[in-house]
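The chain contents come next:
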Amino acid sequence: MSYFATSARSAVGLVRSGNEDSALTSARVVAVADGMGGHAAGEIASKIAIATLAESAQIFAKPEVDYESADDLFLNSIYAIDDALRNSVSDNPELGGMGTTLTSLFLHDNKVTLLHIGDSRAYRLRGNSFEQLSVDHTVIQELLNQGAISESEISTHPQRSVLTQVLMGEGNLELPLPIFEGKIKDRYLVCSDGLTGVLSDKEIKSLIKGKDSAAAVDALIDATYINGAPDNVTVI
């Protein structure tokens, strides 16, 4: 039976007072959620996302569940998270406006399914090819898709961190569920934007290559600190 061998770390960074990131690591499901909203609401939102996903995973990650059913249940977990966020806000109105990203990989035999909303990212390193599997739900990404801006303009763009989709308990979720063929020795990285906000894909790749997973995680977190670690950073 195939499984993920994982190493993970989450750090507050050098600027934030609390950590609004949450993560899940298991043999077949990994996920990062990056919360937002004042008064610790972001911390609550990301924890709700991960707890709800972990609960759903007890069913969809069972080996006896067939592939299509498992993927349907995996996708449905995002609606369960959205419902849980909505219920939490209705019980605690001071949490209004809280939200969270979610980027999760689910391994089923030799298939890797991606569930993704927001700007936390999933990458795959296969041999020498390092590829972003997720597509950011950001204003910047939409402008790039339209050809309205170039890659070199991203770092100075005033809307570079504005999200176009996020989990906020508001429904209206229509997400694709891309499926990738997994190969032995593929390496996956799931991370919050605390990493990708300060390191380029090229830098990330160079820090991962040739290291075991624990050393790679440490190298990535260390590099964010060297670059000022302006945000919480979580790396799986």
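Everything quoted here is computed from the prediction, not taken from an experiment. (Residues numbered from 1 in each chain as written. Predicted model: local features only at pLDDT ≥ 70, side-chain atom pairs only at ≥ 80, totals over all residues. Heavy atoms only, no water.)

J.: Summarise the overall build of the protein chain; cite the residues concerned and give the values.
T.: For the protein chain, the count of helices and strands is 6 helices and 11 strands. Taken over the C-alpha trace, the protein chain has a radius of gyration of 17 Å; the compact-globule value for 236 residues is 18 Å, and the two agree within 12%. Referenced to the eigenvectors of the C-alpha coordinate spread, the extents of the protein chain come out at roughly 45 × 40 × 35 Å. The buried share of the protein chain, reckoned over its 236 residues, is 48%. In the protein chain, the share of contacts with a sequence separation of at least 24, taken over all contacts with a separation of at least 6, comes to 69%. On the protein chain, roughly 11300 Å² of surface is accessible, and the fraction owed to carbon and sulfur atoms is 51%. Charged side chains of the protein chain number 18 positive and 32 negative; the gap between the two group centres comes to 10 Å. (Helix = DSSP H or I, 4+ residues; strand = E, 2+ residues; numbered from the N terminus. Rg over C-alpha atoms; globule rule 2.2 N^0.38 Å. Buried < 20%, exposed > 50% of the residue type's maximum accessible area, 1.4 Å probe, protein only. Contact = heavy atoms within 4.5 Å. Areas by Shrake-Rupley, 256 points an atom, 1.4 Å probe, with all protein chains shown as cover. Lys, Arg positive; Asp, Glu negative; His and termini not counted. Charge placed at Lys NZ, Arg CZ, Asp CG, Glu CD.)

J.: How would you summarise the nonpolar core if you had to cite specific residues and measurements?
T.: Across soluble globular proteins, nonpolar side chains have a tendency to be buried as a group. Residues V29, L53, F60, I78, L102 and L167 are the most contacted members of the largest nonpolar core, which totals 29 residues. Looking at this core, the elements that each hand over two or more residues are strand 3 (29–36), helix 1 (41–60), helix 2 (67–91), strand 5 (102–108) and strand 6 (111–117). In this view, V29 contacts F4, L24, L53, A57, F60, A61, S104, L105 and F106; residues no more than four positions away in its chain are not counted. (Core = buried A, V, L, I, M, F, W, Y, C linked by side-chain atoms within 4.5 Å.)

J.: If you had to explain the packing of helix 1 against helix 2 to someone new, which residues and values would you point to?
T.: Following both chains from N to C, one finds helix 1 and helix 2 inclined at 145°, their axes separated by 9 Å at the closest point. Seen from above, helix 1 lies across helix 2 with right-handed handedness. Contacts between helix 1 and helix 2 involve A45, I48, A49, T52, L53, S56, I59 and F60 on the former and, on the latter, A70, L73, F74, S77, A80, I81, A84, L85 and S88. A class-by-class count of the residues in the contact of helix 1 with helix 2 yields 13 nonpolar, 4 polar and no charged. (Axes fitted to C-alpha atoms, helices over the stretch in contact; angles between N-to-C directions. Left-handed = near helix turned anticlockwise from the far one by under 90°. Nonpolar A, V, L, I, M, F, W, Y, C, P; charged D, E, K, R; others polar.)

J.: Could you give me a rundown of the packing of aromatic side chains, with the residues and numbers involved?
T.: Summed over the entire model, instances satisfying the criterion amount to 5 aromatic pairs. Among the aromatic side chains, those forming a connected cluster through ring pairs are F60, F74 and F106. (Phe/Tyr/Trp six-rings, centres within 6.5 Å; stacked < 30°, edge-to-face > 60°.)

J.: So what's going on with the side chain of S22? Residues and values would help.
T.: One can find S22 in strand 2 (residues 21–25). Here S22 falls in the buried class, since its relative accessible area comes to 11%. From its side chain, S22 meets the backbone nitrogen of K47 in a polar contact 3.4 Å long. (Polar contact = N/O pair within 3.5 Å; in protein donor to acceptor, adjacent residues only side chain to side chain.)

J.: Summarise helix 5 (residues 201–208); cite the residues concerned and give the values.
T.: Residues of helix 5 that are buried include every one of I204, K205 and I208, and no others. Looking down the long axis of helix 5, one finds its buried residues gathered within 100° of arc, a one-sided arrangement. Just beyond helix 5, the residue with positive phi is G210, at close to 80°. (Arc of directions from axis to C-beta.)

J.: So what's going on with the packing of helix 5 against helix 6 (residues 213–226)? Which residues, and what values?
T.: One can describe the packing of helix 5 onto helix 6 by two numbers: an axis separation of 8 Å at closest approach and a directional angle of 140°. Compared by their axis directions, helix 5 and helix 6 come out oblique. When the axes of helix 5 and helix 6 are compared, the crossing they make is right-handed. Residues I204, L207 and I208 of helix 5 pack against A216, A219, L220 and A223 of helix 6. When the residues that make up the contact of helix 5 with helix 6 are grouped by side-chain class, the tally is 7 nonpolar, no polar and no charged. (Parallel < 35°, antiparallel > 145°, perpendicular 65-115°, else oblique.)

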